[in-house]
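Examination of the molecular architecture
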Amino acid sequence: MQNQDQGQLTNWRALITICLAALMFGLEITSVPVILPTLEKALGSNFSQLQWIMNAYTIACTMVLMGTGTLADRFGRKKVFIANVIGFGITSIICGAAGSTELLIASRFFQGMTGGAMFICTIALLSHQFPDGPQRSKAFAAWGIIAGIGLGFGPIIGGIISETINWRWVFLVHGGLALGTVLLARPSITESRDPHAARLDLTGILLLSAAVFALTYYITQGPENGFSSSFSLLVLLAAVLLVILFILAELRQPYPMIDFKVFRVRQFTGAIMGCIGMNFSFWPLMVFLPLYFQAVLHYDTLTTSMCLLAYTVPTLLFPPAGERLMLRYGAGRVIPAGLLLIGTGFFTMYAGGIAGWQLLLTGCVLAGSGLGMVNTPVTNTATAAVPGDRAGMASGIDVSSRLITLAINIALMGFLLVQGTFSYLEDALPLATPDQLFALSKQLVAGSLTMEQVMNTETLMGISQQKVFGKALEQGFGRVFLYGGAGVSMLALISFLIFNPQIKKKTD
């Protein structure tokens, strides 16, 4: 009896350890966007660099997701987990100590690699530590709640830390959390291996990562380099060729990272459309939404963080409703409906830019509710739609599709935001040169205009900041809201038609 109680205590200590790692991963995604304007002022970052501070993390996560499971199976899941927790803590400290934007971007990349590997290990560790029974369900529920808290409350936690201490502690705090996680992990987590682990698909990992990086670079740097310049077109051509090479490599690979045959399963493909839809709009906007509250509505960092709760907290409250609805109506209706609700939220936010902040917050709640409704069903549906021995690969495709879509759409939304702002200024300030207006647009979007620069701009161009600059940013955000709303609504329709092919046949 005493041994049984001791075993249960060890298991729950292991659960606390694993949940701490999930909390760190979630916090580092959503606590950083709210401090981007602060980083711009502290480190002198330009707008494209601010995008790379986020994209470096997500691209790096994508690189390691598919390979970490294989490495953990071969060398030991506990060993790989602890190594990456230590790496995450060290890179977080380097991020917090960074004295330049370039160092922060580089350290964010390695932070993303260790963070992504750490997060993937948590799933394998939970599965082994809690193999079956009610404890398994409770463990996964606790893990999901804590990970959701990290994502949902990241903005306000980041805002409070930045306002009361210093922006650097948004990163530095993970050094202490990582140390505590390692100390808890050593005595509580049981080591496990898979003697029949598949070989690592290194070629596929490198090709896919390089393709995502090239496409993201093309979109992010295109406005500065020129989308039609020789260099930009070479980068775009490289991205296309890398995608083709990746597909050819996977088709010939005996142990592919992505087995394209699974896309023949309608339930799986429809669910992946849901993964793409969520990260097409909701999470990329998380990078820019703090800027709207700070630069357009002129809220301070703490007030901005409070407002962002309207966007993130519904993602924690609605998953149970999504699960119940899926049991009653099926994934083929719930997933498209959830995506459509996200789209409705974006269109409402667009209307809020005209009608006022109340409608904007209503749109935030609607979008968050839609994401909460669809987030769990897409993963459950994707993994249940394939044979059990392919569930790990299905999970990898699920998470990879989310992060790849996130990285690309952070870049696309940033481009639309700058271009929408530039378009308004071009009409409002006909005497200014395009180069002046483009530079001004990037400063506005980055929230980097100091009061002295505003006065100099008004003297030079004879304009009022309040009358022109605010409207320019509103137009830029309007395009972002419309893009997100239209894109996720279209993906809702595609998902619905994939899930329900009989609808298409009837219309034909």
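Above: the structure in question.
Only a predicted model underlies this, so the values are computations on that prediction, with no experimental measurement involved.

Each value, and the rule that gives it
Every chain is numbered independently, its residues counted from 1 as its sequence is written. Whole-chain, interface and lining totals are the exception, using all residues; otherwise, since this is a predicted model, local features are given only for residues with pLDDT of at least 70 and side-chain atom pairs are given and counted only at 80 or more. Values shown for side chains rest on all heavy atoms present in the structure; no hydrogens or waters enter the calculation. Numbered from the N terminus, helices here are DSSP runs of H or I no shorter than four residues, and strands are runs of E no shorter than two. Here a polar contact means two N or O atoms within 3.5 Å. Within protein one must be a hydrogen donor candidate and the other an acceptor candidate, and residues neighboring in sequence count only if both atoms are side-chain atoms. Whether two residues touch is decided by their heavy atoms; if any such pair falls within 4.5 Å, the residues are in contact. For helices, the fitted line uses only the C-alpha atoms of the stretch in contact; every axis is such a line through C-alpha atoms, and the angle between N-to-C directions lies from 0 to 180 degrees. We call two directions roughly parallel when the angle between them is under 35 degrees, roughly antiparallel when it is over 145, roughly perpendicular when it lies between 65 and 115, and oblique otherwise. The handedness criterion is simple: a crossing whose near helix is rotated anticlockwise from the far helix by less than a right angle is left-handed, and one whose near helix is rotated clockwise is right-handed. Ten residue types, Ala, Val, Leu, Ile, Met, Phe, Trp, Tyr, Cys and Pro, are classed as nonpolar, four, Asp, Glu, Lys and Arg, as charged, and the remainder, Gly among them, as polar.

This brings us to the side chain of Thr114. For Thr114, the location among the structural elements is in helix 5 (residues 101–129). Within the structure, Thr114 has its side chain in polar contact with the backbone nitrogen of Phe88 (distance 3.5 Å). With near-sequence residues (within four places) excluded, Thr114 lies in contact with Asn84, Gly87, Phe88 and Thr91.

With that settled, the discussion passes to the environment of Leu65. Assignment of secondary structure puts Leu65 in helix 3 (residues 47–75). Residues Leu65 and Gly116, spaced 51 residues apart in sequence, show a C-alpha to C-alpha distance of 6.2 Å. Setting aside chain neighbours within four positions, we find Leu65 in contact with Gly116, Ile120, Val399, Ser400 and Leu403.

Here the focus is the packing of helix 11 (residues 301–312) against helix 15 (residues 357–384). It is the contact of helix 11 with helix 15, at a shortest axis distance of 6 Å, that shows an interaxial angle of 40°. In terms of their interaxial angle, helix 11 and helix 15 are classed as oblique. Along its contact with helix 11, which presents Cys307, Ala310 and Tyr311, the element helix 15 presents Leu361, Cys364, Val365, Ala367 and Gly368.

The next subject is the packing of helix 10 (residues 266–296) against helix 15. At a minimum axis distance of 9 Å, the contact between helix 10 and helix 15 shows a crossing angle of 150°. With respect to helix 15, the axis of helix 10 lies roughly antiparallel. Crossing hand, helix 10 versus helix 15: left-handed. For the pair helix 10 and helix 15, contact is made by Gln267, Phe268, Ala271, Gly274, Cys275, Met278, Phe282, Trp283, Leu289, Tyr292 and Phe293 and by Leu360, Leu361, Cys364, Ala367, Gly368, Leu371, Val374, Asn375, Val378, Thr381 and Ala382, respectively. Of the residues belonging to the contact of helix 10 with helix 15, the class tally is 17 nonpolar, five polar and no charged.

That is the geometry; function is a separate question.
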